[in-house]
Amino acid sequence: TQLLEQSPQFLSIQEGENLTVYCNSSSVFSSLQWYRQEPGEGPVLLVTVVTGGEVKKLKRLTFQFGDARKDSSLHITAAQPGDTGLYLCAGHYGGSQGNLIFGKGTKLSVKP
Amino acid sequence: GAGVSQSPRYKVAKRGQDVALRCDPISGHVSLFWYQQALGQGPEFLTYFQNEAQLDKSGLPSDRFFAERPEGSVSTLKIQRTQQEDSAVYLCASGWTRYNEQFFGPGTRLTVL
């Protein structure tokens, strides 16, 4: 059983469309992070959310942490081909002993 | 600008061979992590170092996996008697503390034939 479930697993859209990807868990996380990983590279941190209900914006990307700190979403407005990549959520929770737990990721493809 | 570097970037091994994967963290970073990322999966924690001390090795899948960081900087992940199921990308990350941002290297893609 995956502790962090991400959906959808794959997403293929046209340039200019909006999209939302989700990260859900039955456990409470002290913090959640979103990473983007491109082929042949390591993940790169986009944002960290720590407070329930927190919303953070990074240009066209909006991140939200659920009130109960069990879920998070990433919304991209007017997607561009440069947004293509694997989006991973990861977090620390009480049972992880300080280790970062990752979801399987959402593979996003934005076509021009 | 020195990020985290890993070598080799690609490694092909025959089943049963030993391999050694190297990680050069960002200078001064105290924390160093190793992850295994199988195809289509997110990274999975293997082990954690604080300086030269290996404080957590709970993620190492078997006793064939061994990691060291003898001087608190460069780290090596060694896999003995490689098996096909060891095929994956091995990622190294470093950071100032265990809970702060982790900076990832590009990974080593290991293929065991």
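Bear in mind that the values here come from a model prediction, so they are computed numbers and not experimental data.

K.L.:
An account of the sheet that holds strand β8 (residues 71–76) of chain A is needed here, citing residue identities and associated values.
P.N.:
All names here are of chain A. One open sheet holds the 5 strands; their spatial order is β1-β3-β8-β7-β6, and the pairing between them is antiparallel. Edge positions in the sheet fall to β1 (5–7) and β6 (55–58), since each has one partner strand and no second. Strand-to-strand twist in this sheet, taken as the mean axis angle between neighbours without regard to direction, amounts to 15°. Looking at chain direction, strand β3 (residues 19–24) and β8 are connected through 6 bridges and run antiparallel. Pairing of L19 across the sheet is with I76, part of β8.

K.L.:
Provide a residue-level description of the packing of aromatic side chains, including the pertinent values.
P.N.:
Following the criterion strictly, the structure yields 9 aromatic pairs over all chains and no others. Through a chain of ring-to-ring contacts, three or more aromatic side chains come together here, namely A:Y35, A:F102, B:F33, B:Y35, B:F45, B:Y48 and B:F104.

K.L.:
If you had to explain the environment of B:S27 to someone new, which residues and values would you point to?
P.N.:
Among the structural elements, B:S27 can be located in the loop between β3 (19–24) and β4 (31–37). Each C-alpha atom of the pair B:S27 and B:R9 lies 20 Å from the other, and the pair is 18 residues apart in sequence.

K.L.:
Can you lay out the state of the cysteines for me, pointing to particular residues and giving the numbers?
P.N.:
In this structure the tally under the stated criterion is 2 disulfides over all chains. With its sulfur 2.0 Å from that of its partner, A:C23 forms a disulfide with A:C89. Between A:C23 and A:C89, the S-S dihedral sits near 75°, and the bridge is therefore right-handed. Linking A:C23 in strand β3 with A:C89 in strand β9 (residues 85–93), this pair joins segments that are 66 residues apart in sequence. Just as A:C23 is buried, A:C89 falls in that class too. Sulfur-sulfur distance for the disulfide between B:C23 and B:C92 comes to 1.8 Å.

K.L.:
Lay out the environment of B:R69 with the relevant residues and their values.
P.N.:
All names here are of chain B. Counting through the fold element by element, R69 comes out in the loop between β7 (65–68) and β8 (75–79). Expressed as a C-alpha distance, the spacing of R69 and G16, which sit 53 residues apart in the sequence, is 24 Å. When neighbours within four sequence positions are excluded, R69 is seen to be in contact with P25, H29, V30, S31, L32, F49, Q50, N51, E52, V74 and S75. Within the structure, the side chain of R69 is placed 3.0 Å from the backbone oxygen of H29, a separation counted as a polar contact.

K.L.:
Account for the interface of chain A and chain B, with residues named and values stated.
P.N.:
Contacts between the two partners involve 17 residues from chain A and, on the opposite side, 18 residues from chain B. In total, about 1400 Å² of surface goes out of reach between chain A and chain B, with carbon and sulfur atoms giving 48% of it. Run the count over chain A and chain B and you get 0 salt bridges. Scanning the region where chain A abuts chain B turns up 5 residue pairs in polar contact (both at pLDDT 80 or more). Among the elements that make up the side of chain A that touches chain B, the one with the highest residue count is β9(A) (3 residues). A breakdown of the residues in the side of chain A that touches chain B according to their chemical character gives 7 nonpolar, 8 polar and 2 charged.

K.L.:
Mind laying out the sheet that holds β3(B), listing which residues take part and the relevant values?
P.N.:
Residue and element names in this part refer to chain B. An order of β1-β3-β8-β7 is seen for the 4 strands of this open sheet, with the pairing classed as antiparallel. The sheet is open, and its two borders are formed by β1 (5–7) and β7, each paired with just one other strand. Between one strand and the next, the sheet's axes are offset by a mean angle of 15°, whatever the strand orientation. Across 3 bridges, the pairing between β1 and β3 is antiparallel. Considered in β3, the bridge of Q6 is made with C23.

K.L.:
How would you sum up the pairing of strand β11 (residues 108–112) of chain B? Please name residues and give values.
P.N.:
Residue and element names in this part refer to chain B. A one-sided burial pattern is seen for β11, the buried positions being T108, L110 and V112 and the unburied ones R109 and T111. Here strand β2 (residues 10–13) runs beside β11; their pairing, made up of 4 bridges, is parallel. Looking across to β11, one finds that V12 is bridged to T111. Pairing analysis gives 3 bridges linking strand β9 (residues 88–95) to β11, with the strands arranged antiparallel. The residue bridging A88 from the neighbouring strand is L110, located in β11.

Definitions and limits used
Residues numbered from 1 in each chain as written. Chains lettered and ligands numbered in written order. Predicted model: local features only at pLDDT ≥ 70, side-chain atom pairs only at ≥ 80, totals over all residues. Heavy atoms only, no water. Pairing = 2+ DSSP bridges. Helix = DSSP H or I, 4+ residues; strand = E, 2+ residues; numbered from the N terminus. Axes fitted to C-alpha atoms, helices over the stretch in contact; angles between N-to-C directions. Phe/Tyr/Trp six-rings, centres within 6.5 Å; stacked < 30°, edge-to-face > 60°. Disulfide = S-S within 2.5 Å. Buried < 20%, exposed > 50% of the residue type's maximum accessible area, 1.4 Å probe, protein only. Contact = heavy atoms within 4.5 Å. Polar contact = N/O pair within 3.5 Å; in protein donor to acceptor, adjacent residues only side chain to side chain. Buried area = accessible area lost by both parts, 1.4 Å probe. Salt bridge = Lys/Arg side-chain N within 4 Å of Asp/Glu carboxyl O. Nonpolar A, V, L, I, M, F, W, Y, C, P; charged D, E, K, R; others polar.

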